[in-house]
Protein chains: 2
Amino acid sequence: MIDRSKPLATATRSDNELYELVEDFFATSFSTDNIVITEAVRRMLAAGGKRLRPRFTLLAVEANGADATQHLPLAAYMELIHVGTLIHDDVVDNASTRRGVNATAIDFGNKVSVLAGDYLFAWIFKNVTANYPHPVPNILASTLADITDGEVLQHRAVGRLDLPVADYTEIAIKKTATLFAASAECGAIMSGATPLRIKALRDYGMYYGIAFQMLDDLLDFVATEAELGKPVGNDLREHKMTIPLILALGSGGPDLKSAVARFYGMSSSSVAADEATVAVADLVSRVEAAGGLAKTREAIAGYVERAKMSLAPLGNSSTRAELVALADGLAREGAARTR
Amino acid sequence: MIDRSKPLATATRSDNELYELVEDFFATSFSTDNIVITEAVRRMLAAGGKRLRPRFTLLAVEANGADATQHLPLAAYMELIHVGTLIHDDVVDNASTRRGVNATAIDFGNKVSVLAGDYLFAWIFKNVTANYPHPVPNILASTLADITDGEVLQHRAVGRLDLPVADYTEIAIKKTATLFAASAECGAIMSGATPLRIKALRDYGMYYGIAFQMLDDLLDFVATEAELGKPVGNDLREHKMTIPLILALGSGGPDLKSAVARFYGMSSSSVAADEATVAVADLVSRVEAAGGLAKTREAIAGYVERAKMSLAPLGNSSTRAELVALADGLAREGAARTR
């Protein structure tokens, strides 16, 4: 997943203020009882990220007319769940870099990385079960179950050239979108929103999250290595089934399918680096030629529309306008990025 | 940690019935929504274990005159927390065997092992936050935080020849005893026990757990490889600071200390297998000569006494007698095992 180190250029002034609030909270208030783990988490936090999930929580609070500054810990837990999954992802993928900074697993070892993630999850649940009413703890637990379930499903989908779009979407919902949905939902719940508004904000987060994952997939084809913090075409190298590839396979001819099958059929370790770079560049061109990138932009725009439509129960407010702008930002970035 | 595949020979008929109840529950009722993860957990469960933690929950229920069969899911969650930590421990330690059966990480890969453990923890919390009142979810979350905190502390204590007994005890409490304490405590809470009885059962579990960990440490010196499911002296090979070693260092002369320092100062990979076996056998003899094993047996007996004394508020009952017998079993096993 991509996490650039700066807030989106499209963010409004108020939205940037929320970003600063979350940053300050992490810088001044976050610690656990274990200094090794606190240090591992602080380093992951210091490596950047847009803090989108906590901003969803705080915007959902504001959408209900409540004071965002009263809900900073809850917002922070949303980012920390994300951080915990990143720490464990470092172990899982043997990633050597993450957000352009050394991965936790490289600096601290696999042992501490697994334990740091476990501790972080347990610490979050300890605090949430002590301080938040039902159903907030249950939503967070269900979300973490979904994220890990989605990651297992994704792992099993590697190299499955016949993966249906519906299966891709289920994975994207579980591993990415549910946390955005939960972030907005819990902010709404804690600010006493009506069930209709809670659902509106959850739906918004869900659709936003699907579009976010699709944009992440698209950027693997069209962004630069500096922007990604990892090599371009990395998903292809790892034989992942991303949405541009799936959509291209759905409409492309037998040449595309056989080219993908040839590359995805080779074990990564048996392919020389130069050879892989040439093969990946070839696949990127073929996916684009088959319309995979254009169709992905359309799909992103579609989920952005649904996210915005979900917000109807909020009425007109500056917070709604900010949420709309955030979603529009995804569609705009998808449209602007070309090879 | 040692988990033999059969119930203790000292178990009473009723206690064996509880063991069967838990086994039946796992065999017939346990599954998650993810088949890969369900399979990973089932394999870990099938590899055996005494199911001590769920039996603590069920005995605590019975100690309050309630029906154990009504609390099987709660009891099962206690074992599953333990199973989750074992699955992650496989990744952490690169263990090649666990309970004599292939480790999860070997069969399924590190990636799935990390995710399976995460999913299992999240799935437990999803169920517990949905179905159990405060403070049960909070106790489970705090316990998992303690376990992982204790494991990080233990990891940092590797090779620290000056580790105080108090630090060892803190680690044993966190990584082992809190789960026994929580298992008994939650059973007591859910059967409507008085605060005094809840505390009695929690204290019992805590003292039992410390003695259990100390016996586990002792067995690494005196049991056979077949019993342990791993090589004898494995803790020494891994440069761990176990209680027999710590107590021996506290009373042994400079020869012992320099022998330990020499072996613990070598990187494990630089020592030939034969050489390590000779060095470990030498250290075992030196620890025994310095009284490390005898003092450990005394320490175990001391915690067993405290565990039994904690049960005073329960009055006289057959359940209390069973709990006493379980604790006595640890002291008896510690006393009986000689080299």
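Things to note about the overall build of chain A
So, step 1. When you go through chain A residue by residue, the secondary structure sums to 15 helices and 2 strands.
So, step 2. Within chain A, buried positions represent 53% of all 339 residues.
So, step 3. Across chain A, contacts joining residues at least 24 apart in sequence account for 75% of those joining residues at least 6 apart.

Considerations on the relation of the copies chain A and chain B
So, step 1. Turning chain A through 180 degrees and shifting it by 0.0 Å along the axis lays it on chain B, with an RMSD of 0.0 Å. What we have between these two chains is a two-fold relation.
So, step 2. Interface residue correspondence from chain A to chain B reaches 100%, placing this contact among same-surface, isologous pairings.

Here we look at unusual backbone geometry
Residues and elements named next belong to chain A.
So, step 1. Residue Pro 135 is reached from His 134 by a cis peptide bond, and omega for that bond is 5 degrees.
So, step 2. Relative to the elements of secondary structure, Pro 135 occurs in the loop between helix H5 (104-131) and helix H6 (136-157).
So, step 3. Residues other than glycine seldom take positive phi values, yet Arg 51 does so here, at roughly 55 degrees.
So, step 4. Summarising the element assignment, Arg 51 is placed in the loop between helix H2 (35-46) and helix H3 (52-63).

Describing the confidence of the model for chain A
The predicted coordinates should not be examined in detail at positions where pLDDT is low.
All names here are of chain A.
So, step 1. Per-residue confidence for chain A gives a mean pLDDT of 88; residues scoring 70 or more make up 89%.
So, step 2. Under a pLDDT of 50 for its full length, residues 92-102 has, in the predicted model, 26 contacts with residues more than four places off or in other chains.
So, step 3. For this predicted complex, the interface score ipTM comes out at 0.89, while the overall pTM is 0.90.

Examining the environment of A:Phe56
So, step 1. Among the secondary structure elements, A:Phe56 is positioned in helix H3.
So, step 2. Ignoring sequence-local partners within four residues, the contact set of A:Phe56 consists of A:Phe180, A:Ser183, A:Ala184, A:Gly187 and A:Gly205.

Section: helix H11 (residues 243-251) of chain A
So, step 1. Residues of H11(A) that are buried include every one of A:Ile243, A:Pro244, A:Leu245, A:Ile246, A:Leu247 and A:Ala248, and no others.
So, step 2. If you follow the buried residues of H11(A), they end up packed against helix H7 (165-190), helix H8 (195-222), helix H12 (254-264), helix H13 (273-289) and helix H14 (292-310) of chain A.

What about the nonpolar core?
So, step 1. Among the nonpolar cores identified, the biggest contains 215 residues, and A:Leu120, A:Ala211, B:Leu120 and B:Ala211 are the most heavily contacted of them.
So, step 2. Counting only domains with at least three residues in this core, you end up with domain 1 (13-131) and domain 2 (169-339) of chain B.
So, step 3. Those residues in contact with B:Leu120 that lie beyond four places of it in its chain are B:Ile37, B:Val41, B:Leu80, B:Val83 and B:Gly84.

Re the interface of chain A and chain B
Accessible area lost on assembly of the parts is the figure often given for the size of an interface.
So, step 1. Contact residues are listed per partner, giving 33 residues for chain A and 33 residues for chain B.
So, step 2. When residues of the side of chain A that touches chain B are traced back to their parent elements, those giving at least two are H2, helix H4 (72-93), H5 and H6 of chain A.
So, step 3. Ranked by the residues each element gives to the side of chain A that touches chain B, the list is headed by H5(A), at 14 residues.
So, step 4. Taken together, the residues of the side of chain A that touches chain B break down into 18 nonpolar, 8 polar and 7 charged.

Observations regarding the packing of helix H11 (residues 243-251) of chain B against helix H14 (residues 292-310) of chain B
Residue and element names in this part refer to chain B.
So, step 1. Their axes nearest at 8 Å, the elements H11 and H14 cross at an angle of 115 degrees. By crossing handedness, the relation of H11 to H14 is classed as right-handed. Counted together, Ile 243, Pro 244, Leu 245, Leu 247 and Ala 248 of H11 and Gly 292, Leu 293, Lys 295, Thr 296 and Ala 299 of H14 form the full contact between these two elements.

Here we look at the environment of B:Leu52
Residue and element names in this part refer to chain B.
So, step 1. Structurally, Leu 52 is set in helix H3 (residues 52-63).
So, step 2. With 23 C-beta atoms packed within 10 Å, Leu 52 lands in the buried category.
So, step 3. Residues Leu 52 and Ala 75, 23 residues apart in the sequence, show an inter-C-alpha distance of 9.8 Å.

Quick word on H3(B)
Residues and elements named next belong to chain B.
So, step 1. An ideal rise of 1.5 Å per residue puts 16 Å on 12 residues; H3 measures up with 16 Å between its terminal C-alpha atoms.
So, step 2. Burial within H3 is extensive, with 12 of its 12 residues counted as buried.
So, step 3. Of all the positions in H3, only Leu 52, Arg 53, Pro 54, Arg 55, Phe 56, Thr 57, Leu 58, Leu 59, Ala 60, Val 61, Glu 62 and Ala 63 are classed as buried.
So, step 4. Following H3 by one or two positions, Gly 65 adopts a phi angle in the positive range, close to 80 degrees.

Some remarks on the environment of A:Leu201
So, step 1. Relative to the assigned elements, A:Leu201 resides in helix H8.
So, step 2. Sequence-distant contacts of A:Leu201, defined by excluding residues within four places in its chain, comprise A:Ala60, A:Ala63, A:Ala184, A:Glu185 and A:Ala188.

Quick word on the packing of helix H12 (residues 254-264) of chain B against helix H13 (residues 273-289) of chain B
Helix-helix packing is characterised by the crossing angle of the two axes and by the distance between the axes.
Residues and elements named next belong to chain B.
So, step 1. Remark: H12 packs on H13, axes separated minimally by 11 Å, with the N-to-C direction vectors making an angle of 150 degrees. As summarised for this structure, H12 and H13 are arranged roughly antiparallel, according to the angle between their axes. Judged by the sense of rotation from one axis to the other, the crossing of H12 with H13 is left-handed. Every residue of H13 that contacts H12 at Leu 256, Ala 259, Val 260 and Phe 263 is listed here: Ala 279, Asp 282, Leu 283 and Arg 286.
So, step 2. Of the residues in the contact of H12 with H13, the class split is 6 nonpolar, no polar and 2 charged.

Basis of the calculations
Residues numbered from 1 in each chain as written. Chains lettered and ligands numbered in written order. Predicted model: local features only at pLDDT ≥ 70, side-chain atom pairs only at ≥ 80, totals over all residues. Helix = DSSP H or I, 4+ residues; strand = E, 2+ residues; numbered from the N terminus. Buried ≥ 20, exposed ≤ 12 C-beta atoms within 10 Å, placed from the backbone. Contact = placed C-beta atoms within 7 Å. Least-squares fit on C-alpha atoms with pLDDT ≥ 70 in both. pLDDT = per-residue confidence, 0-100. Core = buried A, V, L, I, M, F, W, Y, C linked by C-beta atoms within 7 Å. Domains from an automatic or database assignment. Nonpolar A, V, L, I, M, F, W, Y, C, P; charged D, E, K, R; others polar. Axes fitted to C-alpha atoms, helices over the stretch in contact; angles between N-to-C directions. Left-handed = near helix turned anticlockwise from the far one by under 90°. Expected span 1.5 Å × (residues − 1). Parallel < 35°, antiparallel > 145°, perpendicular 65-115°, else oblique.

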